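# Examination of the molecular architecture
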Amino acid sequence: MRLWIGLCLPRLPLEVFCPRWSADQLGVVLEQEQVMALSPLARAAGIRPGMRRAGALMLAPQARLHERSPELEAQALQAVALALLQYSPLVAQGEEATLLVDAGASLRLFGGVRALCRHIAASLRALGYTAQLSCAPTARGAWLLARAGTRQGRVLGMASLVRRLDRLPCALLPPARPWLEWFEGIGCRTLGQLRQLPRPGLQRRCGAAVLAMLDDAHGHSTELFVWMEAPPTFRASLELFDRVEHADALLFGARRLLQQMTGWLCARQFAVERIQLLLAHERGRVARPPTVIDLALGEAVWRDEHLVRLLKERLAQLVLDAPVIGLTLEALQVQPMAPPSESLFPEPGGTPQERQRLMELLVARLGAENVLQASPRADYRPEAANQWLPLPAKPVSRSALPDLPPGLPGMPRPGWLLAQPIALLMREHRPFYGSPLKMVSVAERIEAGWWGQSQARDYFIAEGRDHAHYWVYRERIAGSAEDAAPRWFLHGLFG
C-alpha cells in the first residue's frame, strides 16, 4: 500500500525559540521589524501579525522578541527528520517547513495508519513542536493536505484524495500565488476549478510549475525526492533559552535529544549500550567543566522509553552546582541491533531484558551501593559460600563465575540463612526450638576451613510440631569424647 504522511510545522519560527514545553510562552518573532509569528498569550495581549516592534512592546512590555532565524529553523527540521527515521527510512524535506514520510512499508509494524500517526504526533510533542499531520497516496497530496491544516487529512484512496484536493484553495500552490488576483478575477478559487482551466492556456499564462505540482498531487507523474541520511555517529546538542537551576527540569530537553537518537539508531540498525549526557554551564570567567551523566546499559536498546526512565531518576537525584545553559547527548557505544526472539511462548516472569532494565532502574533510583546481587564463592561453608556485590554493567555469564567445589549443593538449602547460628537447647534427647525437632533427612557432612577456622558439621532438615522446617547442624569437635553431649545449632529457615 502506497501511503505518504505529510507534516507541516506552522509555528516553527516561534517554537525554535519557545518550544511547546517551555515555561515562557509570551514570545514574538519579528521579520523586518514586523511581527510574523506569535504565541497564544501574545495574541491574547493584543499583538497581531504585521504589527511593528514598537506596537508589540507597547501592548506587552514583558514579551520576548526574537528575530527570525532561518538557520535555526533548518536545524530544527533536520532534527525532526532524524527523529522520524524511527518510523520509516524514507523521510524527505518539503517546501515551507514541511516533511514527507513514505510510510507504506511501516503500517503493519506500527499497527495501522491511526496508530502510526499517534506515534508520530507523540514524537513531535516530545520534540516541542506543533505539527499538522495528513495522509495521502501521493506525496504532493499529503503535502497540500498538511499545509491546509484540515482536521480530516487522512485519505487512503485516490478518489477521496481528488475530492479533498478539489476543495483546497489555489493559494496553497506556491507557483500559483503570483497569479491569485487573476484567478480571483476569473472566478477560480479552488484547485478543482484550477484543474478545469485549459492546460495549454494555463501553462502559457502561469508557467509549467503549476501544472507539474497539480500532476504530482493527483498521481499523474513520478515524484523524486532527496532522502534524509543518518550520520555515521550520533552527537546532538540543544541550547536552552533560559538558565536552568533544577536538574529535574532538564528532562524535557533530554527527551528531545533522545527522540533524535532513537531515529538515528533505527536508521543505522544500531542498539545503544552506553550514552553520555553533558550539562553545559556558564561560559566566560565563571566557566566550569560540564556535568557528565554517564549511562551504561546491561542490555542494548534502541527505543527511548527505558532511557527516559533512567535519566529521570538520575536527574531527580542530581544537585546542580551551577545553572545549565545547554545539553549534549552522545551515543558512545553501539552494536548491531539484535533480531527479535523467535520463541513461540513468552518466558514466564518477563524476559531477561525486562529484568535487566528493572535492575538498571533500581540502580538509578537507589544508587549502585544499595542494589546488590549474590555472587557464589568457592567455599563449602554456608556462611562463606556467598558474597554480595554491586550489579555489573552487563549480566555476568555463567562461565565468568568462579568454579564451585564439585557436588555443591548436595541437599536442599533454606531460603533464609541466619546471620549467626543459634544454639539450641536439648530436651528429651532432641534439639528444642519452640518444640522438639524431628530430623526428616539424612545427615550432610560439611568440613571446610583451615588455620584455626576449620569446621566440621552434620547438617539436617528438621521439622517441628507446627510442621515448620528448619536447617540445623550438629557440631563435631575433633578429639572429643564419644559420650560427650552433642551441640546443636539452628542455621537456616525454610519458607
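This text goes with the structure placed above it.
These lines cover the structure that appears in this document, whether it is placed above or below. From a predicted model like this one, the values you see are computed outputs, not experimental measurements. (Residues numbered from 1 in each chain as written. Predicted model: local features only at pLDDT ≥ 70, side-chain atom pairs only at ≥ 80, totals over all residues. Heavy atoms only, no water.)

### As for unusual backbone geometry
For the record, the criterion: The secondary structure listing takes helices from DSSP runs of H or I that are at least 4 residues long and strands from runs of E that are at least 2 residues long, numbered from the N terminus. Three exposure classes are used, based on accessible area relative to the maximum for each residue type with a 1.4 Å probe and protein chains only: buried under 20%, partly exposed in between, and exposed over 50%.
The backbone phi angle of glutamine 269 is positive, close to 55°, even though this residue is not glycine. The topology assignment puts glutamine 269 in the loop between helix 13 (251-268) and strand 9 (270-280). Judged by its relative accessible area of 48%, glutamine 269 is partly exposed. Even without a glycine there, the phi angle at histidine 429 is positive, about 60°. Following the sequence through the fold, histidine 429 ends up in the loop between strand 15 (425-427) and strand 16 (430-432). You can call histidine 429 exposed: its relative accessible area is 79%.

### Some remarks on the packing of helix 4 (residues 70-84) against helix 6 (residues 113-127)
Rules: Every angle, taken between N-to-C directions, lies between 0 and 180 degrees, and every axis is a line fitted to C-alpha atoms, over only the stretch in contact when it is a helix. Just so you know how the angles are binned, under 35 degrees is roughly parallel, over 145 roughly antiparallel, 65 to 115 roughly perpendicular, and the rest oblique. By definition, any crossing whose near helix is turned counterclockwise from its far helix by less than a right angle is left-handed, and any crossing with a clockwise turn is right-handed. Residues are treated as being in contact if the distance between any of their heavy atoms lies within 4.5 Å. Three categories are distinguished: nonpolar for Ala, Val, Leu, Ile, Met, Phe, Trp, Tyr, Cys and Pro, charged for Asp, Glu, Lys and Arg, and polar for the others, with Gly belonging to the last.
One can describe the packing of helix 4 onto helix 6 by two numbers: an axis separation of 11 Å at closest approach and a directional angle of 140°. Comparing the axis directions of helix 4 and helix 6 gives the class oblique. Along this stretch, helix 4 crosses helix 6, giving a crossing that reads as right-handed. Across the interface between the two elements, Val80, Ala83 and Leu84 of helix 4 pack against Ile120, Leu124 and Leu127 of helix 6. Along the lines of polarity and charge, the residues of the contact of helix 4 with helix 6 split into six nonpolar, no polar and no charged.

### A short note on the nonpolar core
Test applied: In this description, a nonpolar core means a group of buried Ala, Val, Leu, Ile, Met, Phe, Trp, Tyr and Cys residues linked to one another through side-chain atoms lying within 4.5 Å. Each domain's limits were defined by an automated method or a database of domain assignments.
Judged by nonpolar contacts, the single largest core of 70 residues is most densely connected at Ile5, Leu84, Met261, Val272 and Leu277. If you count residues domain by domain, this core takes at least three from each of domain 1 (4-218) and domain 2 (234-336). Counting 27 residues, the second-largest nonpolar core is a separate cluster that includes Trp4, Leu100, Ala136 and Val155.

### Points about the environment of isoleucine 5
Structurally, isoleucine 5 can be placed in strand 1 (residues 4-8). For isoleucine 5, a relative accessible area of 0% puts it in the buried group. Distance in space between the C-alpha atoms of isoleucine 5 and glycine 153 is 9.7 Å, their sequence separation being 148 residues. Other than its neighbours up to four places away in sequence, isoleucine 5 contacts Leu99, Leu100, Val101, Ala103, Leu116, Cys117, Ile120, Ser134, Cys135 and Ala142.

### Observations regarding the side chain of glutamine 86
This is how the line gets drawn: Whenever two N or O atoms come within 3.5 Å, that pair is a polar contact, provided that in protein one can donate a hydrogen and the other can accept it, and provided that, for residues adjacent in sequence, both atoms are side-chain atoms.
Among the structural elements, glutamine 86 can be located in the loop between helix 4 and strand 5 (91-94). The exposure class assigned to glutamine 86 is buried, which follows from its relative accessible area of 8%. Among the polar contacts listed, one links the side chain of glutamine 86 to the side chain of glutamine 259, at a separation of 3.1 Å. Discounting chain neighbours no more than four positions away, the residues touching glutamine 86 are Phe110, Ser123, Gln259, Thr262, Gly263, Cys266 and Arg303.

### Some remarks on the packing of helix 11 (residues 199-206) against helix 12 (residues 208-217)
Viewed as axis vectors pointing N to C, helix 11 and helix 12 meet at an angle of 125°, and their least axial separation amounts to 7 Å. As far as their axial angle goes, helix 12 and helix 11 are oblique. Along the contact surface, helix 11 presents Arg199, Leu202, Gln203 and Cys206, while helix 12 presents Ala208, Val210, Leu211 and Asp215.

### Regarding the pattern of salt bridges
Inclusion rule: One speaks of a salt bridge when a side-chain nitrogen belonging to Lys or Arg is within 4 Å of a carboxyl oxygen belonging to Asp or Glu.
Inspection of every chain in the model, using the stated rule, returns 20 salt bridges. Glutamate 67 is paired through a salt bridge with arginine 53; the nearest N and O atoms lie 2.6 Å apart. On the criterion of sequence distance, the pair formed by glutamate 67 in strand 4 (residues 64-67) and arginine 53 in helix 3 (residues 53-59) is long-range, its members being 14 residues apart. Judged by its relative accessible area of 39%, glutamate 67 falls in the partly exposed class. For arginine 445, the salt bridge is made with aspartate 458, and the minimal N-O distance between the two is 2.8 Å. Placement of arginine 445 in strand 18 (residues 444-448) and of aspartate 458 in strand 19 (residues 455-463) is noted, with a sequence separation of 13 residues between them. With a relative accessible area of 52%, arginine 445 lands in the exposed category. Here the salt bridges do not stand alone but share partners, grouping Glu31, Arg68 and Glu73 into one network.

### Things to note about the packing of aromatic side chains
We apply this condition: Classification of ring pairs rests on two measures: the distance between centres of Phe, Tyr or Trp rings, Trp counted by its six-membered ring, which must be within 6.5 Å, and the angle between planes, read as stacked under 30 degrees, edge-to-face over 60 and tilted in between.
Here the structure, examined in full by the defined rule, presents 12 aromatic pairs. Ring centres of phenylalanine 225 and tryptophan 227 lie 5.5 Å apart, and the angle between their planes is 40°; on these two criteria the pair is classed as tilted. Phenylalanine 225 sits in the partly exposed class, given a relative accessible area of 25%. For tryptophan 227, a relative accessible area of 31% translates into the label partly exposed. Here phenylalanine 460 and tryptophan 488 contribute two aromatic rings whose centre-to-centre distance is 5.5 Å and whose plane-to-plane angle is 45°, an arrangement assigned as tilted. With phenylalanine 460 in strand 19 and tryptophan 488 in strand 21 (residues 487-493), this residue pair connects regions lying 28 residues apart in the sequence. Exposure class is identical for phenylalanine 460 and tryptophan 488. Each is buried.

By themselves, these are just geometric observations and shouldn't be taken as functional.
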